[in-house]
Amino acid sequence: DARGATEVIVFQGEVEATGLTATFAGVRSAFTFVAFEVPNPPPVVSAGGPYVVAEGGRLLVTGVASGASGQLTYSWDLDGDGVFETSGPSVTFDATGLDGPGARTVTLRVSDALGTTSTSSATVAILNVAPTIDMTATPTTVVQGGTVEFSAALSDPGTLDAHAITWDFGDGTP
C-alpha cells in the first residue's frame, strides 16, 4: 500500500517543478513538491606559513583546501596588488629586488566547481642579507716602496641598502 508513503529527494542547486502527479498501486495522486536550496559551503583554505626567505631568494609557498564541492582551483596574489596571477596549490615566491628586513603578505584564493570561493593569507618575512665584497690587489706581490692598486666591487640583493667601502691599512688612516 503506497498511501502515506514518503519519498525524499535531495537536490543541490535550483530545482523547478510544476503539476506533479504520481501513481501508486493504480491510484493516481497529486503530490506536493517542496524545493529548497542546499547551500554549498565554501572551501576551508589555508595559505600555510608563516614563511621566511632571504632578500633576493626564492621560496615555495603551499596552500591546502578542503570541504568543497568537486575540483578545486587555486590562485595566488604574491605581490599584494589584488590580482591572483599565479595558479596552483604550490607556487614560488620570488624575493628578487625585495629589500629586507621586511614582510609581504601573500593571499591564496580557492574556488570549487560550483564557484564558491574562500581566501587565506600568510606572511612572508624577508631577511636582510649581508653584502658580498670582491676585492683585488694588483700586483699581488710587491717590493718595498712599490705601488699596489686596490679595487672592490660590492653586491647586495637588497635594493634599498646604502653601502660605503672603507679601506683600513692599519695605520689609522682610511
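Residues numbered from 1 in each chain as written. Predicted model: local features only at pLDDT ≥ 70, side-chain atom pairs only at ≥ 80, totals over all residues. Heavy atoms only, no water.

**A word on the overall build of the protein chain**
For the protein chain, the helix and strand inventory stands at zero helices and 13 strands. For the protein chain, the succession of helices and strands along the chain, N to C, is β-β-β-β-β-β-β-β-β-β-β-β-β. Across the 174 residues that make up the protein chain, the buried fraction comes to 22%. Accessible surface, the protein chain: about 11800 Å² in total, of which carbon and sulfur atoms supply 54%. (Helix = DSSP H or I, 4+ residues; strand = E, 2+ residues; numbered from the N terminus. Buried < 20%, exposed > 50% of the residue type's maximum accessible area, 1.4 Å probe, protein only. Areas by Shrake-Rupley, 256 points an atom, 1.4 Å probe, with all protein chains shown as cover.)

**Side note on the sheet that holds strand β10 (residues 102–111)**
As summarised here, the arrangement of the five strands in space is β4-β11-β10-β7-β8, forming an open sheet in which the pairing is mixed. Each of the sheet's edge strands pairs with one partner strand only, and the pair in question is β4 (51–54) and β8 (86–87). The sheet contact formed by β10 and strand β11 (residues 117–127) spans ten bridges and is antiparallel. Across the sheet, the residue bridging to Arg109 is Thr119, located in β11. (Pairing = 2+ DSSP bridges.)

**Re the packing of aromatic side chains**
All chains considered together, the criterion is met by three aromatic pairs. Geometrically, the ring pair formed by Phe150 and Trp167 is tilted, given 5.5 Å between the ring centres and 45° between the ring planes. With Phe150 in strand β13 (residues 149–155) and Trp167 in the segment after β13, this residue pair connects regions lying 17 residues apart in the sequence. Aromatic pair Trp167 and Phe169: ring centres 6.3 Å apart, planes at 10°, arrangement stacked. Of the residues examined, Phe169 reaches a relative accessible area of 47% and is grouped as partly exposed. One aromatic cluster is present, built from ring pairs that chain together Phe150, Trp167 and Phe169. (Phe/Tyr/Trp six-rings, centres within 6.5 Å; stacked < 30°, edge-to-face > 60°.)

**Quick notes on the side chain of Thr107**
Tracing the backbone through its elements, the reader meets Thr107 in strand β10. Ignoring sequence-local partners within four residues, the contact set of Thr107 consists of Ser75, Trp76, Asp77, Phe84, Thr119, Ser120 and Ser121. (Contact = heavy atoms within 4.5 Å.)

**Focus: the environment of Ala113**
Inspection of the secondary structure puts Ala113 in the loop between β10 and β11. When its relative accessible area of 57% is taken as the criterion, Ala113 is described as exposed. On a C-alpha basis, the gap between Ala113 and Gln71 in space is 5.5 Å, while along the polypeptide they are 42 residues apart. Setting aside residues no more than four positions away along its own chain, Ala113 makes contact with Ser69, Gly70 and Gln71.

**Some points on a nonpolar patch on the surface**
On the surface, a nonpolar cluster with roughly 350 Å² of combined accessible area is contributed by Ile133, Met135, Leu154 and Ile165. Mapped onto the elements of the fold, Leu154 is located in strand β13. (Patch = residues over 30% accessible without salt bridge, like charges linked within 9 Å, V, L, I, M, F, W, Y side chains within 5 Å. Salt bridge = Lys/Arg side-chain N within 4 Å of Asp/Glu carboxyl O.)

**Quick word on the pattern of salt bridges**
Per the stated rule, a full pass over the model turns up one salt bridge. Two residues, Arg58 and Asp94, come together in a salt bridge whose shortest N-O distance is 3.6 Å. Of this pair, Arg58 sits in strand β5 (residues 58–62) while Asp94 sits in strand β9 (residues 90–94), placing them 36 residues apart in sequence.

**Considerations on the side chain of Ser75**
Looking at the secondary structure, you find Ser75 in strand β7 (residues 73–77). In this view, Ser75 contacts Phe84, Thr86, Ser87, Thr107, Leu108 and Arg109; residues no more than four positions away in its chain are not counted.

Note that all results are geometric; they support no functional claim without further evidence.
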